[in-house]
Amino acid sequence: MTPASTPSMRSHWSVWLGLLLVALAGLAWWWSVGRPIDLPDAPSARIACVSYAPYRREGQTPYDPATFISPQQIDADLKALSRRFDCVRTYSQGQGLDAVPAIAGRYGMKVLLGVWIGRDAAANAREIALAAAAARAHPEVLRGVIVGNEVLLRGEQSPAALAGYLRQARAALPPAVPVSYADVWEFWLRHPELAGSVDYITVHVLPYWEDDPVPPARAVRHVAEVYARVRAAFPGKPVMIGETGWPSAGRPRQGATASVVNEARYLREFLRYAATVQMPYNVIEAFDQGWKRAQEGTVGGYWGIFDAQARPKFPMQGPVTEVPRWWLGWLAAALGGVLFMAVGRPRGRRDALALILAGIASGTALAWQVRQMLYACGPLWEWLLGGTACAAALVTALMLARTLATALQGDAAAPPSRNWRFGWLFALAYYGLLLVFDGRYRDFPLGLFALPAVGYALVALAGVEPAGTRRREEAFLAVVVSLLAAIVLAQERGISPVAWLWLGLNVLPGLAVLLPSRRTAHQQHGADQ
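Because the structure is a prediction, the values reported are computed rather than measured.

### Regarding the overall build of the protein
- From N to C terminus, the protein includes 17 helices and seven strands.
- Going through the 529 residues of the protein one by one, you find that 52% of them count as buried.
- When the accessible area of the protein is evaluated, it comes to approximately 23,400 Å², of which 63% is carbon and sulfur surface.
- Taken as two groups, the 50 positive and 39 negative side-chain charges of the protein have centres that lie 5 Å from each other.

### A few points about the side chain of R253
- With respect to the helices, strands and loops of the structure, R253 is situated in the loop between β7 (239–243) and α9 (260–277).
- D211 provides the closest opposite charge to the buried, unpaired R253, separated from it by 5.8 Å.
- A distance of 2.6 Å separates the side chain of R253 from the backbone oxygen of Y208, its partner in a polar contact.
- What R253 contacts, discounting residues up to four positions off in sequence, is Y208, W209, E210, D211, P213, R440 and E492.

### Considering empty space enclosed by the protein
- Counted by the stated rule, this structure contains two cavities of 30 Å³ or more.
- Computed from the structure, the largest cavity encloses a volume of approximately 60 Å³.
- For the lining of the largest cavity, the secondary structure elements donating two or more residues are α14 (418–438) and α15 (446–461).
- For the lining of the largest cavity, the per-class residue count stands at eight nonpolar, no polar and one charged.
- Looking at the second largest cavity, the residues that line it are T244, G245, W246, E263, L267, V283, I284, W303 and I305.
- Here the residues of the lining of the second largest cavity sort into six nonpolar, two polar and one charged.

### Notes on the nonpolar core
- L78, L81 and F270 are the most contacted members of the largest nonpolar core, which totals 91 residues.
- A total of nine residues in this core trace back to one element, the largest contributor, which is α9.
- Excluding anything up to four places from it in sequence, L81 contacts Y52, V88, M109, A286, F287 and F306.
- Ranked by size, the runner-up nonpolar core spans 58 residues in total, among them A365, F449, V454 and A478.

### Topic: the state of the cysteines
- One pass over the structure, following the stated rule, counts one disulfide.
- Here C377 stays free of any disulfide, with the sulfur of C390 as its closest cysteine sulfur at 8.6 Å.
- Residue class for C377 comes out buried when judged on its relative accessible area of 12%.

### As for the environment of V459
- On the secondary structure map, V459 appears in helix α15.
- C-alpha separation for the pair V459 and A405, spaced 54 residues apart in sequence, amounts to 9.4 Å.
- In this structure V459 touches L400, T403, L404, P416 and V464, once residues within four positions along its chain are discounted.

What counts, and at which threshold
Residues numbered from 1 in each chain as written. Predicted model: local features only at pLDDT ≥ 70, side-chain atom pairs only at ≥ 80, totals over all residues. Heavy atoms only, no water. Helix = DSSP H or I, 4+ residues; strand = E, 2+ residues; numbered from the N terminus. Buried < 20%, exposed > 50% of the residue type's maximum accessible area, 1.4 Å probe, protein only. Areas by Shrake-Rupley, 256 points an atom, 1.4 Å probe, with all protein chains shown as cover. Lys, Arg positive; Asp, Glu negative; His and termini not counted. Charge placed at Lys NZ, Arg CZ, Asp CG, Glu CD. Salt bridge = Lys/Arg side-chain N within 4 Å of Asp/Glu carboxyl O. Polar contact = N/O pair within 3.5 Å; in protein donor to acceptor, adjacent residues only side chain to side chain. Contact = heavy atoms within 4.5 Å. 1 Å grid on protein atoms, 1.4 Å probe; cavity = no way out; pocket = protein on both sides within 12 Å on 5 of 7 lines; lining within 4 Å. Points joined across faces, edges and corners; volume = space filled by probe spheres on them. Nonpolar A, V, L, I, M, F, W, Y, C, P; charged D, E, K, R; others polar. Core = buried A, V, L, I, M, F, W, Y, C linked by side-chain atoms within 4.5 Å. Disulfide = S-S within 2.5 Å.

Rendered as structure tokens:
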């Protein structure tokens, strides 16, 4: 009896159970995200004020000096926003945004006029001059002028220099127009001396981005606590929440998960709270902003109440569904089963069943990864890289499924290549290093790595050892990827379910390396006896 045929003579109940579980898990996940979730209704579909950055079309970005937002685009945007919002907040005056006050006035909207303050003194002076001109032309539209946005957070000006810009703006603006500065709430508490330079305090409270991320269940309570704390720190000075909101897509941060359901929940609960305290507020933001992905990863592009095509992402009353077209995941499962059957060419019922289960699991996982790419990928090179990685994962899964099905059928299985397994271990180690040392804005590519990780683990469980001489590098990388994933889990404080799944996908290849060596040692021990 040859070593290759030995495993096929055994009962492989654990392998069958593993195949069944991963196939059912993929189907169950897609079904679960398609279920409507009941949420508390917002008190009204109207919202007091919303951040308006018009850079939602392809190629538009505030960092490109050639970008110009036409009055026609602004008019179309504000006409649509006026149906839901009483006010818009802007962040700068350049690139055509100085036209916002005049256009907003046509639709009965107010404006929180933003003046962008950065490192460039000449650019700052131009921003103040444009704001002053707009304020003199349309003072009746303005709720206030916000000079500088998170300048201290970015470290681009000192508090003293920022106070100078506030004085400069106040001197150029009409006397009746109130002036403020906006920053995350901690920086206002660190620099209370700025309160003397403003008419009211504008704070940003974003529970998702806190140093200790706040989960959705406690997010609005956190906002209320921060608001009370800032008001106590500046008695007699009006306090406005200048930014608050929740992202609909991107990586989780500990217990703070970015999703459509969580964005809808947060916004509805916040509006209910704001209505009880008569608090001035502005939510972020009107439209999803794809250009922000370059700064903040996937999550940066998905803070909008509307998507980049100006479509509402969720209603303000009634249940909310995370993935309305969830059935596409099941369609991918069916296509995976057909593909694996066609390529695998089964020779028996067990052979066919194994291929179908592997195809279902692979189809649902790849569909999840493609869905993530739809949110995360922007430039062509990102699509090419992601598509190539998905193709490699699919080819790997097909090879492993063929090997596994043959072993489960009871025939001698051709062993897979050890070089492919080493390559996937190396890829896991590389991405694990990125997550550990630069992971704040990086997604977890669970769907991509699920195919090789689960596939190699099941093949090892079936007793099929990859061809070639055992490499010490494999054993080393198996330990490294597990340690890196454990560090990521610790960074997430063990709260994030996604971090636990990532740990599992990194441990599985390690088991695939270690299981055969333990079996070989056991067999050798039996032969010696």
